[in-house]
Amino acid sequence: MAVFTSLCREDVVRLLAHYSLGELDHFEGIAAGIENSNFFVDTDGGRWVLTIFERLTFKQLPFYLELMRHLARAGLPIPAPQENRAGGLLSELRGKPAAIVTRLAGQWERAPTPAHCAQFGTLIAQMHLAARDFAAFQPNLRGIGWWKSTLPKLEPHLPDEQFQRLAEEVIHQDSFFRNPTFEKLPAGPVHADLFRDNVLWVEQDGQPQVGGVIDFYFAGCTLWLFDLAVALNDWCVDLSSGQIDAPRAQALLDAYHAVRPLTELEHRAWPTVLRGAALRFWISRLYDLHLPRPAQVLTPHDPTRFEQLLAVRASAGTLPWVN
């Protein structure tokens, strides 16, 4: 979440005129993330998040918004997209697609415990199962096709040795995607960006509870295992070394497995999918670092963490799995 398209108060007032969300009280840009322009919007009718989409198109966006609405209607803590007066989930602002969703309460957890990971593992599995009857399909737009097309764009910006490591991992993952076994793995709509800062926590009866999962705008249809790998690579590791924290990892996996049992085929694919989850963010952060877009408020992410994480995953021996 960043601000590439700046807005004035009149812009927001004009947009709200197409909704039944109340009169504008206050709005402010959100200086986090790197894809879209996001704003907190408070009205006398509630608290909302306004997103202006910088890359996604009017054609692509219904998948994300309808998936969010589908999960929210299933009773999961997901931001609910709001319909405009014409009955649509999308509007246009400054010539770009825009949407308004409910603003969920809570803050993200910087130092998750095994208890946090267990709660989150349960929720990931619930999200996957709830999306089984979601009819729309869209591939993971930051998946293998994007990795392969982005690789040559990065070559001029990287030292030869680093580019070689990146290319070798893309080839390794491409072989996995082309293997007939890939098609047999459980799959469906996934969030694909389940980092700590995309999950909000609130306190209930003195205990932390998930307040919501946000930022679905990398979602797509791929392996359910990929969502779990992205989460483990962020929630269950020492961020400075990439080494897995066994108690947190076990809590995440066991809680997920209790709701949606993992298969032996997924067990065999697990090392490769963990590497793929690390590669996805190494290559995207390299891309954002070396081929950036201008933004009024932007905090770029360091790709080094995921370069290191991939090296650790590629050399790992025994990996945590369900008990």
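Thresholds applied
Residues numbered from 1 in each chain as written. Predicted model: local features only at pLDDT ≥ 70, side-chain atom pairs only at ≥ 80, totals over all residues. Heavy atoms only, no water. Helix = DSSP H or I, 4+ residues; strand = E, 2+ residues; numbered from the N terminus. Polar contact = N/O pair within 3.5 Å; in protein donor to acceptor, adjacent residues only side chain to side chain. Contact = heavy atoms within 4.5 Å. Core = buried A, V, L, I, M, F, W, Y, C linked by side-chain atoms within 4.5 Å. Buried < 20%, exposed > 50% of the residue type's maximum accessible area, 1.4 Å probe, protein only. Phe/Tyr/Trp six-rings, centres within 6.5 Å; stacked < 30°, edge-to-face > 60°. Lys NZ or Arg CZ within 6 Å of the ring centre and 35° of its normal. Pairing = 2+ DSSP bridges. Axes fitted to C-alpha atoms, helices over the stretch in contact; angles between N-to-C directions. Expected span 1.5 Å × (residues − 1). Bend = angle between axes of the 7 residues up to and from the residue. Salt bridge = Lys/Arg side-chain N within 4 Å of Asp/Glu carboxyl O.

A. Fine view of the side chain of threonine 51. In this structure, threonine 51 sits in strand S3 (residues 46–52). Here the side chain of threonine 51 touches asparagine 38 through a polar contact of 2.7 Å, side chain to side chain. Dropping the residues within four chain positions of it, threonine 51 is found in contact with Asn36, Ser37, Asn38, Pro97, Ala98, Ala99 and Tyr217.

B. Examining the nonpolar core more closely. The biggest cluster of nonpolar side chains holds 87 residues, and the ones touching the most others in it are Leu166, Leu225, Leu228, Leu252 and Trp270. With 13 residues, the top contributor of residues to this core is helix H8 (residues 264–290). Those residues in contact with leucine 166 that lie beyond four places of it in its chain are Leu151, Leu154, Leu158, Leu279, Trp282, Ile283 and Leu286.

C. Quick look at the packing of aromatic side chains. All chains considered together, the criterion is met by 16 aromatic pairs. Taking the centre distance of 6.2 Å and the plane angle of 55 degrees together, the rings of phenylalanine 27 and phenylalanine 39 count as tilted. Highlighted residues: phenylalanine 27 in strand S1 (residues 24–29) and phenylalanine 39 in strand S2 (residues 37–43), separated in sequence by 12 residues. Phenylalanine 39 matches phenylalanine 27 in its accessibility class, with the two residues each being buried. With 5.7 Å between their ring centres and 85 degrees between their planes, phenylalanine 63 and tyrosine 64 make a pair best called edge-to-face. The buried category is assigned to phenylalanine 63, whose relative accessible area is 5%. Through a chain of ring-to-ring contacts, the aromatic side chains of Phe53, Phe63, Tyr64, Phe134 and Tyr217 assemble into a single cluster. One Lys or Arg, arginine 280, reaches over the ring of phenylalanine 218 and ends 4.7 Å from the middle of that ring. Between the NZ or CZ atom of arginine 280 and the centre of the ring of phenylalanine 281, over which it lies, the distance is 4.1 Å.

D. Here's a closer look at the sheet that holds S3. Read across the sheet, 5 strands follow the order S1-S2-S3-S5-S4 without closing on themselves; strand pairing throughout is antiparallel. A single partner strand is all that each edge strand has here, and the edge strands are S1 and strand S4 (91–93). Sheet twist, expressed as the average angle between the axes of neighbouring strands with direction ignored, equals 35 degrees. Where S4 meets strand S5 (residues 96–102), 3 bridges bridge the pair, whose relative direction is antiparallel. Across the sheet, the residue bridging to serine 91 is alanine 98, located in S5. This element, helix H1 (residues 9–16), spans S1, S2, S3, S4 and S5 of the sheet and lies at about 120 degrees to S1.

E. Geometry of H8. When the terminal C-alpha atoms of H8 are compared, their 40 Å separation across 27 residues agrees well with the 39 Å that a helix rising 1.5 Å per residue should span. Its axis deflected by about 50 degrees at tryptophan 270, H8 carries its strongest bend there, up to four residues before the proline proline 271. The buried count for H8 comes to 21 of 27 residues, which makes it a mostly enclosed element.

F. Summary view of the pattern of salt bridges. A complete count under the given rule lists 17 salt bridges for this structure. Between aspartate 42 and arginine 103 there is a salt bridge, with its nearest N and O atoms 4.0 Å apart. Linking aspartate 42 in strand S2 with arginine 103 in the loop between S5 and helix H3 (114–130), this pair joins segments that are 61 residues apart in sequence. Relative accessible area serves as the criterion here: at 15%, aspartate 42 is assigned to the buried category. The salt bridge partner of aspartate 174 is lysine 148, with a shortest N-O separation of 3.3 Å. Within this pair, whereas aspartate 174 is found in helix H5 (residues 160–178), its partner lysine 148 is found in helix H4 (residues 144–154), the two being separated by 26 residues in sequence. Overall, aspartate 174 belongs to the buried group, its relative accessible area being 16%. The class for lysine 148 is partly exposed, based on a relative accessible area of 35%. Taken together, the shared-partner salt bridges in this structure form one network comprising Asp11, Arg14 and Arg94.

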